[in-house]
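Here is how the chains run, residue by residue.
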Amino acid sequence: MVLDGRRVTQFASNDYLGLSRHPLVVEAGIDALRKYGNSATASRLICGNHELYPKLEKRLADLKGKAAALVFPTGYMANLGALSALVGTDDLIVMDKLNHASLYDACRLSGATVKRYAHNNLEHLEKHLAQAGRYRRRYIVTDGVFSVDGDLAPLPELVDLARDRDCRLVIDDAHGTGVLGPAGRGTSAHLKTEVPLEIGTLSKGIGALGGFVVADRETIEFLINKARPFIFTTGLPPATLAAAASSLEVMADEPWRQERVLKLAKYVRSALENAGFTVSQGPTPIIPIIIGDEQTTLRMAAACLENNLFVPAVRHPTVPLNQARLRMTLSAAHSDAEVEMSIEILCREGRKTGLI
Ligand SMILES: *Cc1c(COP(=O)(O)O)cnc(C)c1O
C-alpha cells in the first residue's frame, strides 16, 4: 500500500484471505455495478432488498451451519441491531471486558443491566451471575476472536455454563469467520462447539463490507421486524453484495487461502518468539508483539516504517498502560518474501532498540 506517499508492505489489514482484490471478486463487483447501478436507493424494507441479498444470506447461513442469516450494512450495526432488538431493560448482559467497542455500544443501546467480567475469566463471570438479581433473561456476550490480541474465547466452557446457568450465549466472530474452523466456519467450529446465535462481518476475512447475524429462522424474522439498525438504513450497494457472495464462493473453491494464512501465522509467531520477542499464543493471524513502554513501541513502529514495513503500534487506551505493542496481522496474500522481510526487519530493529 501507499502510506503518506511511501510504498510500504503492510501487516495491518483484516484482509486475512486476500480476497478483497481477488480477480473473480472484483469482476463480480464490477458486473453488479454495471447491471444494477451504484446504490440500493432505499432501505431494504422499502425497495432496497436486492435479489442478491437472499443469495448472500443463504451462503452465510450455510457457511455457519444455521437455518438463516440477516445481512446488515456493517458488523458494528449487526451488533447494535441484534442486541438492541433481542435484549431489553429487564435483562442482564454479562460481557467480557475486552469485547469490541461495538459490543459495548450494542449492550448500552439495549438498555439492559451490563456487567463485565475479567478477560476470559469464567470464575468472575460466574460471580456476576451468582450476584445477579431477578432478570427476565440473562445473556453472556463475547468476541469469538478478540480483536486486539487475536486470542480466543473459551467457547465450549461458555456453552456449558450458559446451559447450566440458564443464560443465552451470543458471540461476535468478526475475526474468526473465514479464518478458523473447517471451511472457515469460524471460532465455534474450530473449538468443536455450537453457538445458536452468532454475529459476524463481511469486512474482514471475506474482504467486502457488511455485517451479519446467523441464527434460527424465528430469531432472524424477529430481527427483520425489530432491529432498528436494519430497518432504518439504506441497503448495501449491489456491487458489495455481489462481491461478498463471490468471496464466499472463492473461499470454498480455494481452501489453500485459509491454510496459508494459518501456516504463515504459525511461522511468524515462532520466528518472533525464537528471536526473543514476547508474542501471544494461538492460531489466529493477529500477532501482537508486546513491548510495554509506549515510546519504545512508537520507536519500533517508526523504525519499521523507515524500512517500508508498516506494522501499527497499539497503545493506551486501546490496551492497558505499559502494555503497548505492535499489532501485526497476516494475509494469505503476503508472499513468502514479504513475510521473511518483515521478520528480518523486526529482528534487526528489535536488536537495535534493545528489545531482544
Ligand atoms: C471489526 C469488528 C467489528 C465491526 O465490524 P465492521 O464490519 O467493521 O463494522 C465488530 N466486532 C468485532 C469483534 C470486530 O473486530
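Predicted model only: the values in this text are computed from it and were never measured.

Another point: the sheet that holds strand 12 (residues 286–292). Read from one edge of the open sheet, four strands run 11-12-15-14, paired in antiparallel fashion. Both outer strands of the open sheet, strand 11 (278–279) and strand 14 (313–314), are each paired with one neighbouring strand and no more. Here strand 12 runs beside strand 15 (residues 324–329); their pairing, made up of six bridges, is antiparallel. Residue pairing in the sheet places Ile286 in a bridge with Thr329 of strand 15. Against the sheet, helix 12 (residues 256–275) touches strand 11, strand 12 and strand 15, its axis set at about 20° to strand 12. Contacts between helix 13 (residues 294–306) and the sheet are confined to strand 12, strand 14 and strand 15, with strand 15 contributing the most and set at about 35° to the helix.

Ranked by internal contacts, the top residues of the largest apolar core, which has 51 residues, are Leu56, Leu60, Met328, Leu330 and Leu346. Top element by residues in this core is helix 11 (residues 238–253). It accounts for eight residues. Both of domain 1 (23–253) and domain 2 (255–353) provide at least three residues apiece to this core. Excluding residues within four positions of it along the chain, Leu330 makes contact with Phe11, Tyr16, Val261, Leu264, Ala265, Val268, Pro285, Ile287 and Val339.

This part is about helix 13. Given a rise of 1.5 Å per residue, 13 residues ought to cover 18 Å, and the 18 Å separating the end C-alpha atoms of helix 13 matches this to within 8%. If you follow the buried residues of helix 13, they end up packed against strand 12, strand 13 (309–310), strand 14, strand 15 and helix 14 (336–352). Of the residues flanking the start of helix 13, the one acting as N-cap is Asp293, its side-chain oxygen 3.4 Å from the backbone nitrogen of Gln295. The positive-phi residue at the C-terminal boundary of helix 13 is Asn308, with phi of around 60°.

To continue, consider the site of the ligand. The local shell around the ligand holds 15 residues, among which Gly75, Asp172, His175, Thr201 and Lys204 are the closest. Within the side chain of Ser203, an N or O atom sits 2.9 Å from an oxygen atom of the ligand. Relative to its unbound accessible area of 380 Å², the ligand is 86% covered by the protein chains. A per-element tally of the shell around the ligand places helix 4 (residues 75–86) first, with three residues.

Turning our attention to the state of the cysteines. Scanning the model with the defined rule gives zero disulfides in all. Take Cys107: it sits in no disulfide, and the sulfur closest to it among the cysteines is that of Cys167, at 14 Å. Under the relative-accessibility criterion, Cys107 is labelled buried at 1%. There is no disulfide at Cys304, and the cysteine sulfur nearest it, in Cys347, is 10 Å away.

Here we come to the packing of helix 13 against helix 14. Where helix 13 contacts helix 14, the two axes come as close as 10 Å, and the packing angle between them is 130°. The orientation of helix 13 with respect to helix 14, classified from their angle, is oblique. For the crossing formed where helix 13 meets helix 14, the hand is right-handed. Contacts from Met300, Ala303 and Cys304 in helix 13 reach Ile345, Leu346, Glu349 and Gly350 in helix 14. Tallied by class, the residues present in the contact of helix 13 with helix 14 amount to five nonpolar, one polar and one charged.

Let us now look at the domain arrangement of the protein. The domains assigned to the protein are domain 1 (23–253) and domain 2 (255–353). Computed from C-alpha atoms alone, the centre-to-centre distance between domain 1 and domain 2 is 28 Å. Taken residue by residue, the interface counts 19 residues in domain 1 and 15 residues in domain 2. With both chains or domains summed, domain 1 and domain 2 bury close to 1,200 Å², and 59% of this area falls on carbon and sulfur atoms. Taken as a group, Val148, Asp149 and Val179 account for 44% of the area that domain 1 buries against domain 2, more than any other trio of residues on that side.

Quick look at the sheet that holds strand 9 (residues 197–201) now. An order of 4-10-9-8-7-5-6 is seen for the seven strands of this open sheet, with the pairing classed as mixed. Sheet topology places strand 4 (68–72) and strand 6 (113–117) at the edges, where each strand pairs with a single neighbour. When strand polarity is set aside, the average angle formed by the axes of neighbouring strands in this sheet is 20°. Relative to strand 7 (residues 138–143), strand 5 (residues 92–96) runs parallel, the two being bridged by four bridges. Each residue of the ladder has a partner; that of Val94, found in strand 7, is Ile140. Along the sheet, helix 4 makes contact with strand 4, strand 7, strand 8 (168–172), strand 9 and strand 10 (211–215), crossing strand 9 at roughly 155°. Across the face of the sheet, helix 7 (residues 155–164) comes into contact with strand 6, strand 7 and strand 8 while running at roughly 175° to strand 7.

On to the packing of helix 1 (residues 23–36) against helix 11, then. Their axes nearest at 7 Å, the elements helix 1 and helix 11 cross at an angle of 150°. By the angle between their directions, the pair helix 1 and helix 11 is classed as roughly antiparallel. You can see that helix 1 and helix 11 cross each other, and the crossing is right-handed. Each of Leu24, Val25, Ala28, Gly29, Ala32, Leu33 and Tyr36 in helix 1 lies in contact with helix 11, whose residues at this interface are Pro238, Ala239, Ala242, Ala243, Ser246, Ser247 and Val250. The residue inventory of the contact of helix 1 with helix 11, partitioned by class, reads eleven nonpolar, three polar and no charged.

Definitions and limits used
Residues numbered from 1 in each chain as written. Predicted model: local features only at pLDDT ≥ 70, side-chain atom pairs only at ≥ 80, totals over all residues. Heavy atoms only, no water. Pairing = 2+ DSSP bridges. Helix = DSSP H or I, 4+ residues; strand = E, 2+ residues; numbered from the N terminus. Contact = heavy atoms within 4.5 Å. Axes fitted to C-alpha atoms, helices over the stretch in contact; angles between N-to-C directions. Core = buried A, V, L, I, M, F, W, Y, C linked by side-chain atoms within 4.5 Å. Buried < 20%, exposed > 50% of the residue type's maximum accessible area, 1.4 Å probe, protein only. Domains from an automatic or database assignment. Expected span 1.5 Å × (residues − 1). Polar contact = N/O pair within 3.5 Å; in protein donor to acceptor, adjacent residues only side chain to side chain. Near = heavy atom within 4 Å. Areas by Shrake-Rupley, 256 points an atom, 1.4 Å probe, with all protein chains shown as cover. Disulfide = S-S within 2.5 Å. Parallel < 35°, antiparallel > 145°, perpendicular 65-115°, else oblique. Left-handed = near helix turned anticlockwise from the far one by under 90°. Nonpolar A, V, L, I, M, F, W, Y, C, P; charged D, E, K, R; others polar. Buried area = accessible area lost by both parts, 1.4 Å probe.

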